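If you want the building blocks of each chain, they are given just below.
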Amino acid sequence: MTLAFDLILCLMILGTAGIALFVRDALAAIAFFIAFGNLLGLAWLSLDAVNVAMAEIAIGAGVTGVLLILARARLLALGDDAASAATPLWLRLGALAACAGFVVLLAAAVLSIPPESGLDRVVAPLMPGLGIENRVTGVLLAFRAYDTLLETFVLLGALVAVWSLAPAGAWPGRPADPGMADAPMRRVAGTFSQLLLPVALVMAAYLVWAGSDLPGGAFQAGTVLAGGLFVAAMGGAIGLPSSDRPLLRAALVLGPAVFLAVGLAGVAAGGFLVYPEGMAKTLIVTIEYTLALSIGVTLALLVAGTPVPGAAGPNPDGKG
Amino acid sequence: MSWTDAVVLALLGTGLAFYAAGSLGLLRFPDTASRLHALTKADNLGLGLVALAAALYWGSLAVAAKIALVWLFAVIAAGTTSQLLARRTRLDEARLHEPHPDAADSARDGGPR
């Protein structure tokens, strides 16, 4: 029964991936890419990798899908037909050969790992020292915290890159108001967001808290927060802030800054990113809460895009 | 097979039948409004039945409450998006019949259909 489920799932993943690659219409390709991401999340789930499944569905399918849809809408608004041009045969065959070679290499690497040498065996004995149960959080925020610290700065860098594309005269301004132009649509989205935003806040707080012992964590929570914030902006419940607001800047750098400060303070306890004995859980939860806030605001602003000239939100005091 | 298993199977089967009917309607109905009608009616009921089956299968009140919340939010989200889609379709159809000068806002709300 489980084998049948896995086989059907694999076929559906390959099918959606194939359609997303080969369909001509960009919107259809994006729709199948989102379906592909959700099915891939199910595959991670059936491998018992719940953390990865949540990240894949929230970020791989959710945020990336929204970014692709908005990118297409902006291309259309610029007069580009957002369709892929016909590619020459040698390019297709070359891409096929390169991807096939990479898949063979990857498969060889994965198959060469002996089954008994999983990371879990190394990590599990070290977990009691941290005081948390979720081994993925342990790896991300303690044993390989360096990687996660750099990732948070990469995300911040991505927003800086998007902002740096602002046209002359638009800086410092606010992104285009994502609120729906049609009044009845705006009301429907507004009512929905008045329900969704508080739920998203609670859900994000829960995901971080649960992330110590159960699947969850700052990235998943940040995505939920970003979704709530952006839907609220679409319904006109909150306005997007101007990019030079001090409070906004503080929210953006809070998580990475706290992470970096804790890491530097660790030098006193023995080295960069070393947590003092008995303080690990407190510090990890603190880092994760501040990171979730920063990731949420950063993702929402990444979706909102570059500041545009003369864009005035309906509520200039709103924080997004 | 206990009676719970029988009920779970019956609920799953009925739920899947509703999903199949909804998908068939999505493929076969001629215009956006009827397709939305097929999707919202059939999918919400189908999801409800599958959720009920899952809650019964796990047999725990905490899990059942979580599944109920998942169902509730899926229904609210589906209702909201179908309202928005229906309104967009109506606006686009009105624009098709009498050309409107502000064609620019169709691109920013996700493009013309």
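Treat the numbers as computed from the prediction; the structure is a model and nothing was measured. (Residues numbered from 1 in each chain as written. Chains lettered and ligands numbered in written order. Predicted model: local features only at pLDDT ≥ 70, side-chain atom pairs only at ≥ 80, totals over all residues.)

Peer 1: Before we move on, could you go through the overall build of chain A and cite the residues and values that matter?
Peer 2: The secondary structure content of chain A amounts to eleven helices and zero strands. In summary, chain A has a C-alpha radius of gyration of 22 Å against a globular reference of 20 Å for 320 residues, a match within 12%. The dimensions of chain A, computed from C-alpha atoms along their principal axes, are 55 × 55 × 40 Å. By the burial criterion, 35% of the 320 residues in chain A qualify as buried. Sequence-distant contacts in chain A: of pairs separated by 6 or more residues, those separated by 24 or more amount to 76%. (Helix = DSSP H or I, 4+ residues; strand = E, 2+ residues; numbered from the N terminus. Rg over C-alpha atoms; globule rule 2.2 N^0.38 Å. Buried ≥ 20, exposed ≤ 12 C-beta atoms within 10 Å, placed from the backbone. Contact = placed C-beta atoms within 7 Å.)

Peer 1: A description of helix 7 (residues 145-164) of chain A should follow, citing residues and the corresponding values.
Peer 2: Residue and element names in this part refer to chain A. Across its 20 residues, helix 7 extends 29 Å between first and last C-alpha, which sits within 8% of the 28 Å expected from 1.5 Å per residue. Turning to helix 7, its buried residues number three or more, namely Ala145, Thr148, Leu149, Thr152 and Leu155. Angularly, the buried residues of helix 7 cover 120 degrees about the axis, an arc narrow enough to put them on a single face. In helix 7, the exposed positions angled more than 90 degrees off the buried face are occupied by Tyr146, Asp147, Leu150, Val154, Gly157, Val160, Ala161 and Ser164. Summarising the contacts, the buried residues of helix 7 are in contact with helix 6 (135-143), helix 10 (246-265) and helix 11 (280-304). (Expected span 1.5 Å × (residues − 1). Arc of directions from axis to C-beta.)

Peer 1: So what's going on with the packing of helix 2 (residues 26-46) of chain A against helix 3 (residues 50-77) of chain A? Residues and values would help.
Peer 2: The relative placement of two packed helices comes down to the angle between their axes together with the axis-to-axis distance. All names here are of chain A. Contact pair helix 2 / helix 3: the axes reach a minimum separation of 7 Å and the direction vectors enclose 175 degrees. Between helix 2 and helix 3, the angle is such that the two are roughly antiparallel. Residues Ala26, Leu27, Ile30, Phe33, Ile34, Gly37, Asn38, Leu40, Gly41, Trp44 and Leu45 of helix 2 form the contact with helix 3, whose participating residues are Val50, Val52, Ala53, Glu56, Ile57, Gly60, Ala61, Gly65, Leu68, Ile69 and Arg72. (Axes fitted to C-alpha atoms, helices over the stretch in contact; angles between N-to-C directions. Parallel < 35°, antiparallel > 145°, perpendicular 65-115°, else oblique.)

Peer 1: Tell me about the packing of helix 7 of chain A against helix 10 of chain A, residues and numbers included.
Peer 2: Residues and elements named next belong to chain A. Following both chains from N to C, one finds helix 7 and helix 10 inclined at 155 degrees, their axes separated by 10 Å at the closest point. The orientation of helix 7 with respect to helix 10, classified from their angle, is roughly antiparallel. Crossing handedness for the pair helix 7 and helix 10: left-handed. In contact with Leu149, Thr152, Phe153 and Leu156 of helix 7, helix 10 contributes Leu252, Val253, Gly255, Pro256, Phe259, Leu260 and Gly263. Taken together, the residues of the contact of helix 7 with helix 10 sort by class into eight nonpolar, three polar and no charged. (Left-handed = near helix turned anticlockwise from the far one by under 90°. Nonpolar A, V, L, I, M, F, W, Y, C, P; charged D, E, K, R; others polar.)

Peer 1: Quick rundown of unusual backbone geometry? Include the residues and the values.
Peer 2: All names here are of chain A. Non-glycine residue aspartate 48 carries a positive phi angle of around 70 degrees. Of note in this structure, leucine 273 is not a glycine but carries a positive phi near 65 degrees. By the element assignment, leucine 273 lies in the loop between helix 10 and helix 11.

Peer 1: How would you sum up helix 6 of chain A? Please name residues and give values.
Peer 2: The complete set of buried residues in helix 6 of chain A reads A:Thr137, A:Gly138, A:Val139, A:Leu140, A:Leu141 and A:Ala142. At its buried positions, helix 6 of chain A is contacted by helix 5 (119-123), helix 7 and helix 11 of chain A.

Peer 1: Can you explain the nonpolar core? Please cite residues and give values.
Peer 2: One recurring pattern in soluble globular proteins: nonpolar side chains tend to sit buried together. By size, the foremost hydrophobic cluster in this structure holds 57 residues, and its most contacted members are A:Ala292 and A:Ala300. Of all the elements, helix 11 of chain A adds the most residues to this core, at 15 residues. What A:Ala292 contacts, discounting residues up to four positions off in sequence, is A:Ala204, A:Val208, A:Ala218, A:Ala221, A:Gly222 and A:Leu225. In this structure, B:Leu11, B:Phe18, B:Ala42 and B:Ala53 belong to the second largest nonpolar core, which totals ten residues. (Core = buried A, V, L, I, M, F, W, Y, C linked by C-beta atoms within 7 Å.)

Peer 1: Go over the confidence of the model for chain A, please, and point to the residues and values.
Peer 2: Residues and elements named next belong to chain A. Predicted confidence across chain A gives a mean pLDDT of 88, with 97% of residues reaching 70 or more. By mean pLDDT, the top-scoring element of chain A is helix 2 (94), and the lowest-scoring one is helix 5 (80). Overall, residues 313-320 carries pLDDT values under 50, and its contacts beyond four positions in sequence, including any with other chains, amount to 25 contacts. (pLDDT = per-residue confidence, 0-100.)

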